[in-house]
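Now for the letters of each chain:
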Amino acid sequence: MNTYQDILLGEIEQSVLTISLNRPEFHNALCNNLLKELAQALDAASSNADIKCVVISGSEKVFAAGADIKEMAKLDAIGVLQDTRPQYWDTLRKFKKPIIAAVNGYALGGGCELACHADIIIAGSNAKFGQPEINLGIMPGAGGTQRLIRTVGKSLAMKMVLAGEVIDAETALQSGLIAEITQPEATLERATKLAQQIAGKSAIAIQLAKQALLESFETPLETGLSLERKAFTILAASEDRQEGIQAFMEKRKAVFKDV
Ligand code: DAK
């Protein structure tokens, strides 16, 4: 049962939970309550072994137009300092299971940053990514200056953040911001299929692989390689590894038990 107001939870299908942002009248602007609910839903998904992968989507027309500007307008410097939102973003950042963002239409400001928190972005041909905060006399506040530049490179990130220019799906694909472009009506379905494909693997291998991949943003190559080696070694103790290799030998599909 959906007990949330600003997000919708889908049924868990093939170990995939879909979370849809649900403030259509405000282009899914990320108000405090929406972010709180998103963090609560992810917290619950963290400890639910039936969920192995999460898809975050907007509608066919819009992903999210950023932080709720009307709410933001009420905060002075002390209000911003004491804001609970950074802790909700942290929940997203620390989530260990894979997240796929299904993006149609606008993904602006915090909406673009939300998509960038996902591990994979699948976008409709109508998607538009941007960091227009500069037009409001502010700047990105949920990692936009850090994640974007690591993903799309300096010049494009500077253009988006300093000029507030919005990029289309093709440019997002060329720059590596997104993994695939689909027809807008197929974006959620494609993201869900991909999520189900991931959910069919060993959850232990998926968790360690995600962790190692993300570590590359934080560490020099030598440290990252060392972490990869340790994770690889840990996996040698899993039953899923035995099953995966055995299944290959027996020419059958592996059945992973996440142990
Ligand atoms: N906030 C609040 N309401 C919004 C909104 C937003 N970001 N975006 C749209 N709306 C509302 C509009 O006010 C309008 O409501 P009514 O006036 O009808 O009541 C309704 O949604 C429909 O919007 P429009 O009439 O403007 O629709 P259009 O199709 O003409 O234009 C648009 C769509 C997306 C181009 C336009 O709405 C727009 O430019 N929106 C604002 C985009 C923007 O500037 N986004 C960046 C916001 S700043 C932080 C973390 C994150 C952030 C900050 C701090 N910390 C952790 C510290 C993030 C900051 C931001 O994202």
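Residues numbered from 1 in each chain as written. Predicted model: local features only at pLDDT ≥ 70, side-chain atom pairs only at ≥ 80, totals over all residues. Heavy atoms only, no water.

### Concerning the sheet that holds strand E2 (residues 16–21)
- Taken in spatial order, the six strands of this open sheet run E1-E2-E3-E5-E7-E10, and their pairing is mixed. Only two strands of the sheet have a single neighbouring strand rather than two, namely strand E1 (7–9) and strand E10 (180–182). Strand-to-strand twist in this sheet, taken as the mean axis angle between neighbours without regard to direction, amounts to 20 degrees.
- Bridge analysis of E2 against strand E3 (residues 53–57) gives five bridges, and the strand direction is parallel. (Pairing = 2+ DSSP bridges. Helix = DSSP H or I, 4+ residues; strand = E, 2+ residues; numbered from the N terminus. Axes fitted to C-alpha atoms, helices over the stretch in contact; angles between N-to-C directions.)

### Notes on the packing of helix H4 (residues 85–94) against helix H5 (residues 110–117)
- Packing of H4 against H5 leaves a shortest axis separation of 9 Å and a crossing angle of 30 degrees. It follows from the interaxial angle that H4 and H5 lie roughly parallel. Contacts from Trp-89, Leu-92 and Arg-93 of H4 reach H5 at Gly-110, Glu-113, Leu-114 and His-117.
- Residue composition of the contact of H4 with H5, by class: three nonpolar, two polar and two charged. (Parallel < 35°, antiparallel > 145°, perpendicular 65-115°, else oblique. Contact = heavy atoms within 4.5 Å. Nonpolar A, V, L, I, M, F, W, Y, C, P; charged D, E, K, R; others polar.)

### A closer look at the side chain of Asp-6
- Within the secondary structure, Asp-6 is located in the segment before E1.
- Of the side chains with opposite charge, Arg-23 comes closest to the buried, unpaired Asp-6, at an N-O distance of 4.2 Å.
- A distance of 2.9 Å separates the side chain of Asp-6 from the side chain of Asn-33, its partner in a polar contact.
- Ignoring any residue separated from it by four or fewer positions in sequence, one finds Asp-6 in contact with Ser-20, Leu-21, Asn-22, Arg-23, Cys-31, Asn-33, Leu-34 and Glu-37. (Buried < 20%, exposed > 50% of the residue type's maximum accessible area, 1.4 Å probe, protein only. Lys, Arg positive; Asp, Glu negative; His and termini not counted. Salt bridge = Lys/Arg side-chain N within 4 Å of Asp/Glu carboxyl O. Polar contact = N/O pair within 3.5 Å; in protein donor to acceptor, adjacent residues only side chain to side chain.)

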